[in-house]
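# Geometric and topological summary
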Amino acid sequence: ERIEDKLYQNRYLVDTGRPHITVRPHRSPSPSLLALTQICPAKCYEVNEIGQVAIVSDGCLECGTCRVLCEASGDIKWNYPRGGFGVLFKFG
Ligand code: SF4
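Cut-offs used in this document
Residues numbered from 1 in each chain as written. Predicted model: local features only at pLDDT ≥ 70, side-chain atom pairs only at ≥ 80, totals over all residues. Heavy atoms only, no water. Core = buried A, V, L, I, M, F, W, Y, C linked by side-chain atoms within 4.5 Å. Buried < 20%, exposed > 50% of the residue type's maximum accessible area, 1.4 Å probe, protein only. Helix = DSSP H or I, 4+ residues; strand = E, 2+ residues; numbered from the N terminus. Contact = heavy atoms within 4.5 Å. Phe/Tyr/Trp six-rings, centres within 6.5 Å; stacked < 30°, edge-to-face > 60°. Near = heavy atom within 4 Å. Nonpolar A, V, L, I, M, F, W, Y, C, P; charged D, E, K, R; others polar. pLDDT = per-residue confidence, 0-100. Salt bridge = Lys/Arg side-chain N within 4 Å of Asp/Glu carboxyl O.

### Regarding the nonpolar core
If you look at the biggest cluster of nonpolar residues, it comprises 14 residues, and the most contacted ones within it are Ile21, Leu33, Leu36, Tyr45, Cys66 and Ile76. Taken together, the elements giving at least two residues each to this core come down to strand E2 (21-23), helix H2 (31-39), strand E4 (53-55), helix H3 (65-70) and strand E5 (76-78). If we ignore the near neighbours within four places in the chain, the residues touching Ile21 are Tyr45, Ile55, Ser57, Cys60, Cys66, Ile76, Lys77 and Trp78.

### A few points about the packing of aromatic side chains
Following the criterion strictly, the structure yields one aromatic pair and no others. Where Trp78 meets Tyr80, the ring centres are 4.8 Å apart and the plane angle is 90°; that geometry is what we call edge-to-face. Residue class for Tyr80 comes out exposed when judged on its relative accessible area of 56%.

### Topic: the site of the ligand
As a structural note, the neighbourhood of the ligand is formed by 14 residues, with Cys40, Cys60, Cys63, Gly64 and Cys66 the closest of them. Taken together, the residues that form the shell around the ligand break down as 11 nonpolar, two polar and one charged.

### Brief notes about unusual backbone geometry
Even without being glycine, Lys43 reaches a positive phi, approximately 55°. Tracing the backbone through its elements, the reader meets Lys43 in the loop between H2 and strand E3 (45-47). You will see that Glu62, though not glycine, has its phi angle at about 55°, which is positive. As for its placement among the helices and strands, Glu62 is situated in the loop between E4 and H3.

### A look at the confidence of the model for the protein
When pLDDT is averaged across the protein, the result is 88; 97% of the residues are at 70 or more. Of all secondary-structure elements in the protein, the lowest mean pLDDT belongs to helix H1 (residues 3-8), at 70, while H2 reaches the highest, 97.

### Let's talk about the pattern of salt bridges
One pass over the structure, following the stated rule, counts three salt bridges. The closest approach of N and O atoms between Arg67 and Glu71, which form a salt bridge, is 3.1 Å. Among the residues examined, Arg67 registers a relative accessible area of 30% and is labelled partly exposed.

What follows is the structure in structure tokens.
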């Protein structure tokens, strides 16, 4: 079975209005912030029309990659979703 099929089986509950990851406002993105647009497995990060990195955290797999890369620098703020929200992994 392909990983995409497996991922599709995960369910995701969006905590509307309370995104668990936010990107610090910036004029131009740092290299590590820009890298997130390539390496986030859920493709949550995008370069918007004015060249800034934006996130839509719906679908985030909570893998922690962006946290490791960008939280210490303050480029992003990262919290686990509130209980009951976020990704619900289905195993098997
Ligand atoms: Fe993407 Fe992982 Fe960061 Fe979620 S935690 S936004 S899946 S890199």
